[in-house]
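# Coordinates in review
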Amino acid sequence: MKTLGNTGAIGAGERIRIIMLSITRFRPAVVALALLAAVPACAPRNTGTTVPAAALGGAAAVSYGTIVGTRPVTVQGGGSGVGTLGGAAAGGVAGSFIGGDPRSNILGALGGALIGGIAGTAAERGLSSGNAIEFIIREDGRGDIAVVQTNEEGLQAGDRVVITRGDRVRLSRAAGPTPGTAGGAAPIAQPRF
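Residues numbered from 1 in each chain as written. Predicted model: local features only at pLDDT ≥ 70, side-chain atom pairs only at ≥ 80, totals over all residues. Heavy atoms only, no water.

### Details of the overall build of the protein chain
If you tally the helices and strands in the protein chain, you get 3 helices and 5 strands. Helices and strands appear in the protein chain in the N-to-C order α-β-α-α-β-β-β-β. If you take every contact in the protein chain between residues at least 6 apart in sequence, the share linking residues at least 24 apart comes to 62%. On the protein chain, roughly 12,800 Å² of surface is accessible, and the fraction owed to carbon and sulfur atoms is 64%. (Helix = DSSP H or I, 4+ residues; strand = E, 2+ residues; numbered from the N terminus. Contact = heavy atoms within 4.5 Å. Areas by Shrake-Rupley, 256 points an atom, 1.4 Å probe, with all protein chains shown as cover.)

### Remarks on the environment of T84
As for its position among the elements, T84 is in helix α2 (residues 82-95). Separated by 37 residues in sequence, T84 and T121 have C-alpha atoms that sit 4.6 Å apart.

### A short note on the sheet that holds strand β4 (residues 160-165)
Overall, antiparallel pairing links the 5 strands, which are arranged β3-β2-β1-β4-β5 in an open sheet. One side of each edge strand has no neighbouring strand; the edge strands of this open sheet are β3 (144-149) and β5 (169-173). Each neighbouring strand pair of the sheet contributes to a mean axis angle of 45 degrees, computed without reference to strand direction. Pairing of strand β1 (residues 61-75) with strand β2 (residues 130-139) involves 10 bridges; the strand directions are antiparallel. When the bridges of β2 are listed, V75 appears paired with G130. (Pairing = 2+ DSSP bridges. Axes fitted to C-alpha atoms, helices over the stretch in contact; angles between N-to-C directions.)

### Some thoughts on a nonpolar patch on the surface
A cluster of nonpolar residues, I106, L107 and L110, forms a patch on the protein surface that exposes about 320 Å² of accessible area. L110 gets classed as exposed once you look at its relative accessible area, which sits at 56%. (Patch = residues over 30% accessible without salt bridge, like charges linked within 9 Å, V, L, I, M, F, W, Y side chains within 5 Å. Salt bridge = Lys/Arg side-chain N within 4 Å of Asp/Glu carboxyl O. Buried < 20%, exposed > 50% of the residue type's maximum accessible area, 1.4 Å probe, protein only.)

### A word on the confidence of the model for the protein chain
Predicted confidence across the protein chain gives a mean pLDDT of 74, with 66% of residues reaching 70 or more. By mean pLDDT, the top-scoring element of the protein chain is β4 (93), and the lowest-scoring one is helix α1 (residues 12-42) (63). Segment residues 183-193: pLDDT under 50, and 6 contacts once partners within four positions in sequence are set aside and those in other chains are kept. (pLDDT = per-residue confidence, 0-100.)

### Quick word on the nonpolar core
The biggest cluster of nonpolar side chains holds 9 residues, and these are I67, I133, F135, I137, V147, L155, V161, I163 and L171. If near-sequence neighbours (up to four positions away) are discounted, L155 is found in contact with I67, F135, V161, L171 and R173. (Core = buried A, V, L, I, M, F, W, Y, C linked by side-chain atoms within 4.5 Å.)

### As for α2
When the terminal C-alpha atoms of α2 are compared, their 19 Å separation across 14 residues agrees well with the 20 Å that a helix rising 1.5 Å per residue should span. Where α2 is concerned, the buried positions are G83, G87, A90, G91, G92, A94 and G95. (Expected span 1.5 Å × (residues − 1).)

### Some details on the pairing of β2
Both β2 and β3 contribute to a ladder of 6 bridges, which runs antiparallel. Its bridge partner being in β3, I136 is matched across the sheet by A146.

### Focus on the environment of N151
By the element assignment, N151 lies in the loop between β3 and β4. Take N151: its relative accessible area is 26%, and that puts it in the partly exposed class. Each C-alpha atom of the pair N151 and L171 lies 9.2 Å from the other, and the pair is 20 residues apart in sequence. In contact with N151, other than residues within four places in its own chain, are I133 and F135. Within the structure, N151 has its side chain in polar contact with the backbone nitrogen of G154 (distance 3.2 Å). (Polar contact = N/O pair within 3.5 Å; in protein donor to acceptor, adjacent residues only side chain to side chain.)

### Brief notes about the side chain of R170
Mapped onto the elements of the fold, R170 is located in strand β5. Polar side-chain contacts of R170 include one of 2.9 Å to the side chain of D167.

### What to know about the side chain of D159
Tracing the backbone through its elements, the reader meets D159 in the loop between β3 and β4. A relative accessible area of 15% means that D159 is categorised as buried. Side chain to side chain, D159 and R173 meet in a polar contact 2.9 Å long. Non-local contacts of D159, meaning those with residues more than four positions away in its chain, are made with G65, T66, I67, G154 and R173.

See the structure below:
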C-alpha cells in the first residue's frame, strides 16, 4: 500500500474521497462543455417558410411571377463571432480546472479558451452553412429577379410564384390563377372618395 508520510496507509474510504474530489473538481468543466454542445440544437433554421416574430402583423408587398431558372448554391456560414466567443468562454472555464496549482490553472484556461474558440468558430460555420436554391423569376410586368432560399415547396422552372417583400424576399407557390391575368379574377374596383 502507498503511504503518505506518517499518516499510514490509504484505506478504501480515503481512495473514494480522493476520486470524488477529482470528479467534483472537473464537474464545472464537464457542465460547460455539455452546454456548449447543446447550443447548436437551439439555433433557429432559416428557411423559405420561416418568419421572425417581428414580421407578425407587418405588411409586405406582394407580386407574382414565373420561375424561369434555378441552380443549387451553397450558403457560406456567417462570422458573427458568437460561436467563437461562446466557445472561448466555455473552453476557458473548462480549462481553468486542469492542474493543481494557479500556474497550471491559468495555462489550462488559456489553452481551453484557444481550443474552445476554434471549436466555437467551426460550430458557428456549420450551423449557418447549408444548401439552397437560387431562383430566377420573371415578374409580371417587370424584369427578372434572383432570390436565394431553401426549397421546401419543391419549386421548379415554370412554376407560378408569389413574391413577398417584407423583412426579406420570399417565394411561395401561387395558388390558382394570378389576379389580373388571363383566367384570373378582375381586379377589385377601389372606391372613389
